[in-house]
Amino acid sequence: MSQNAKIVMDAVRAADHDRYLAALYAPTDKRDALFSLYAFNAEIAGIRDRIHEALPGEVRLQWWRDLIATDNEDAAIGHPVADALKATISAHHLPKLAFDNMLEARIFDLYDDPMPSRTDLEGYCGETAAALIQLVAMVLDPVEAPRFAELAGRAGCAQAMTGLLLLLPLHRKRGQCFIPADILAAAGSSPEEFVAGDGGPGARRAVAAMTALAREHLATFERGAAALPVALRPAFLPLALSRAYLDKMEGSHRSPLDGVVRLSALRRHWLLLRRASKGWPGTLT
């Protein structure tokens, strides 16, 4: 492994340990490419945490957009993640439009505007987590990946919504609301009330509705996952953890409103190993 590849892998291990673990189940010759995609995703997802102000954050997103758009594929940037990502895009002929859409969606993260509706949330999930799953699938098996684009959409919605629930304490602390306004209204709440104090009387109903929406997408994914070929399993592996996170939120009666919900390292390893080796029920071998 080159020094640059190790830097990128370590960045994923530190910033997104669940995807890091999932990538280890990919074929050895594909891992560097997966790590580059996951490191890029971690970079742009964490811009607000590092930069804190919206306009400089947009400048950083534009830097990535310009970098990916350039036709000079061989020029070294001197940024380990950027160099690795450029190499992955070139080697695997990944669509640059997908990255542009992902960067555009991440502008939402930089501001405190409420998520308007369920449709908007699903669109956000589609351009971020679902797009990432599909890009990883294209690296793993470019022939089979297009057949499972719709399944990647469902998987991405389930994974992203679960992730937003896990990050809910952080988002509320900084006044950010990813639970759609129409779901909050149906629960008798509002974005302003939800992020203030204890969230108000409708907060738990809103979280329950968001959890149900994540489960709806997860259930649809799991029904289709029986058709996943072995080659594509690593792209979808994190979904094994999504179900476990949702189960813990409900089974232990520990709402994300009460603090961060976690799974032990041992349980995460076991869940990924089981899915990597057996797949989802009925999965083709």
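Residues numbered from 1 in each chain as written. Predicted model: local features only at pLDDT ≥ 70, side-chain atom pairs only at ≥ 80, totals over all residues. Heavy atoms only, no water.

Participant: Tell me what's going on with the overall build of the chain, and back it up with residues and numbers.
Facilitator: Of the regular secondary structure elements, the chain holds 16 helices and zero strands. At 19 Å, the chain has a C-alpha radius of gyration in line with the 19 Å of a compact globule built from 285 residues. For the chain, the share of sequence-separated contacts (at least 6 apart) that also reach a separation of at least 24 residues comes to 71%. Summing over all exposed atoms, the chain offers an accessible surface of approximately 12,700 Å²; the carbon and sulfur share of this is 56%. Each charge sign in the chain was given a centre, from 32 positive and 34 negative side chains, and these centres are 9 Å apart. (Helix = DSSP H or I, 4+ residues; strand = E, 2+ residues; numbered from the N terminus. Rg over C-alpha atoms; globule rule 2.2 N^0.38 Å. Contact = heavy atoms within 4.5 Å. Areas by Shrake-Rupley, 256 points an atom, 1.4 Å probe, with all protein chains shown as cover. Lys, Arg positive; Asp, Glu negative; His and termini not counted. Charge placed at Lys NZ, Arg CZ, Asp CG, Glu CD.)

Participant: An account of the nonpolar core is requested, with residue identities and associated values reported.
Facilitator: Among the nonpolar cores identified, the biggest contains 94 residues, and Phe40, Ile179, Phe221 and Phe236 are the most heavily contacted of them. If one sorts the elements of this core by residue count, helix H8 (residues 118–140) sits on top with 13 residues. Once residues within four sequence positions are removed from consideration, phenylalanine 236 is found in contact with Ile133, Phe148, Leu151, Ala152, Ala155, Phe221, Leu228 and Trp280. (Core = buried A, V, L, I, M, F, W, Y, C linked by side-chain atoms within 4.5 Å. Buried < 20%, exposed > 50% of the residue type's maximum accessible area, 1.4 Å probe, protein only.)

Participant: Now, about the packing of H8 against helix H9 (residues 149–166): what can you tell me, with residues and values included?
Facilitator: One way to put it is that H8 packs onto H9 with a least axis distance of 7 Å and a crossing angle of 110°. As far as their axial angle goes, H9 and H8 are roughly perpendicular. Viewed along their axes, H8 and H9 form a crossing whose handedness is right-handed. Contacts between H8 and H9 involve Leu121, Glu122, Cys125, Ala129, Ala130, Ile133 and Gln134 on the former and, on the latter, Ala149, Ala152, Gly153, Ala155, Gly156, Cys157, Gln159, Ala160, Met161 and Leu164. (Axes fitted to C-alpha atoms, helices over the stretch in contact; angles between N-to-C directions. Parallel < 35°, antiparallel > 145°, perpendicular 65-115°, else oblique. Left-handed = near helix turned anticlockwise from the far one by under 90°.)

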